[in-house]
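Remarks on the overall topology
Read off the chains here:
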Amino acid sequence: MSDDEVLDAYSEVVTGVARHLTPRVASVRTVRGAGSAVVMSAEGHLVTNAHVVGRLSEGEVAFADGSSGRFYVVGRDPLSDLAVLRTAVPVPEPPEFGNADRLLVGSLVVAVGSPLGLEGSVTAGVVSALGRSMPAQGRTASRLIEDVIQTDAALNPGNSGGALADSKGRVVGINTAVAGIGLGLAVPINATTRRILRALREDGRVRRAYLGLVSVPTPLDDRWVARTGRKRALRVAEVVTGSPAALSGIRPGDLLLAINGSPLADAQSLQRHMFEDAIGQRTEITVLRGEAMVDVVAEPAELVE
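Calculation notes
- Residues numbered from 1 in each chain as written.
- Predicted model: local features only at pLDDT ≥ 70, side-chain atom pairs only at ≥ 80, totals over all residues.
- Heavy atoms only, no water.
- Helix = DSSP H or I, 4+ residues; strand = E, 2+ residues; numbered from the N terminus.
- Contact = heavy atoms within 4.5 Å.
- Areas by Shrake-Rupley, 256 points an atom, 1.4 Å probe, with all protein chains shown as cover.
- Lys, Arg positive; Asp, Glu negative; His and termini not counted.
- Charge placed at Lys NZ, Arg CZ, Asp CG, Glu CD.
- Buried < 20%, exposed > 50% of the residue type's maximum accessible area, 1.4 Å probe, protein only.
- Pairing = 2+ DSSP bridges.
- Axes fitted to C-alpha atoms, helices over the stretch in contact; angles between N-to-C directions.
- Salt bridge = Lys/Arg side-chain N within 4 Å of Asp/Glu carboxyl O.
- Polar contact = N/O pair within 3.5 Å; in protein donor to acceptor, adjacent residues only side chain to side chain.
- Expected span 1.5 Å × (residues − 1).
- Arc of directions from axis to C-beta.

Brief notes about the overall build of the chain
Secondary structure assignment for the chain yields 6 helices and 20 strands. For the C-alpha atoms alone, the extent of the chain along its principal axes is close to 65 × 50 × 30 Å. For the chain, the share of sequence-separated contacts (at least 6 apart) that also reach a separation of at least 24 residues comes to 60%. By element, 50% of the accessible surface of the chain is carried by carbon and sulfur atoms, the whole surface being about 14,300 Å². Each charge sign in the chain was given a centre, from 31 positive and 34 negative side chains, and these centres are 5 Å apart.

Encoded structure:
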């Protein structure tokens, strides 16, 4: 294939994604600034970043076809930097939401949003890195947003809340931050964030369970890899006094291998278990302590925001 043919193929993909997504991405304007949002349902739900709306309850959306109107905030979750809005403005059919877990470094991605208030702006690039983490802060708690997508597609203020799509036009991320020149970050669309968005749409909030520990991923040495069949674990760096983790006997320095039989290798593998159905429930955690493996039982409390 000649260079011209390669460029034509690239251009065709980007223009096709842009044509499909541009009508489905709105500009969001509030008294605190501007951002973007992606149509989520035919009933007028849109997804954006929690930091775009902050603690506000309403604002204005505008689409590329010139239609505009008010929106109100259905729910927000600062700990995932996601929020769901709803508007009475007629919206097009929502785009397909894909699965960011299937992305590869080097995959083509297209960002659609309203940077600097310029509606329907499109940039393209590749996935620069996967598995990044980004801190998120609520009013009373903080956590890491795991598996954040890093891209070199140009993002600017106002892109936050817009769509990051794959080459087939499927939304695989919600653009959330500009990390530096040539570095943009997006919250991934995956099983965890789908659960969060569903809770925000249906209940207006996300109920999370809380153990009260800080952990970091760590590799296991070869003999424990041979014994457990696992290469990584979570090392407990801190245990909050009086927390469910402390009451269960978990200590700093412990290596967390599994929760209810599911392996723990990164922060998300633990966080995906810490939702509403875990609150107050008997939870078995397999711990490597020194030269022994022990099972501890904890009852996660509800995280209060």
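Notes on unusual backbone geometry
Among all residues save glycine, negative phi is the norm, and among peptide bonds the norm is trans. Despite not being glycine, D81 shows a phi value in the positive range, around 55 degrees. Topologically, D81 is positioned in the loop between β5 (68–77) and β6 (82–87). The phi torsion at N260 lies on the positive side, around 50 degrees, for a residue other than glycine. Its location among the elements puts N260 in the loop between β16 (255–259) and β17 (262–263).

With respect to the environment of V14
Structurally, the position occupied by V14 is in helix α1 (residues 3–21). By relative accessible area, which is 14% here, V14 ends up buried. Sequence-wise, V14 and L108 are 94 residues apart; in three dimensions their C-alpha atoms are separated by 9.0 Å. Apart from residues no more than four positions distant in its own chain, V14 is found in contact with V110, V122 and A124.

As for the sheet that holds strand β1 (residues 25–30)
If you trace the 6 strands once around the closed barrel, you get β1-β2-β3-β6-β5-β4, paired in antiparallel fashion. Between one strand axis and the next, the sheet turns through 40 degrees on average, direction left out of account. Pairing of β1 with strand β2 (residues 33–39) involves 6 bridges; the strand directions are antiparallel. In the sheet register, T30 faces β2, and the bridge partner there is G33. Across the face of the sheet, helix α3 (residues 191–203) comes into contact with β3 (45–48), β5 and β6 while running at roughly 40 degrees to β6.

Brief notes about the pattern of salt bridges
Inspection of the entire model under this criterion finds 13 salt bridges. In this structure, R170 and D166 form a salt bridge, with 2.8 Å as the shortest nitrogen-oxygen distance. In this structure D166 comes out as buried when scored by relative accessible area, which is 9%.

Digging into the side chain of D254
When you line up the elements, D254 lands in the loop between α5 (244–248) and β16. Looking at D254, its side chain comes within polar contact range of the main-chain nitrogen of R251, at 2.8 Å. Residue contacts for D254: discarding those within four places in its chain leaves L234, R235, V236, G249, V287, L288 and R289.

Focus on α3
When the terminal C-alpha atoms of α3 are compared, their 18 Å separation across 13 residues agrees well with the 18 Å that a helix rising 1.5 Å per residue should span. Within the span of α3, buried status applies to T192, T193, I196, L197, A199 and L200. Buried residues of α3, viewed axially, fall in a sector of 160 degrees; they line one side. Seen from the open side of α3, the exposed residues pointing more than 90 degrees away from its buried face are A191 and E202. On its buried side, α3 packs onto β3, β5, β6, β12 (183–188) and α6 (267–271). Sitting at the head of α3, N190 places a side-chain oxygen 3.1 Å from the backbone nitrogen of T192.

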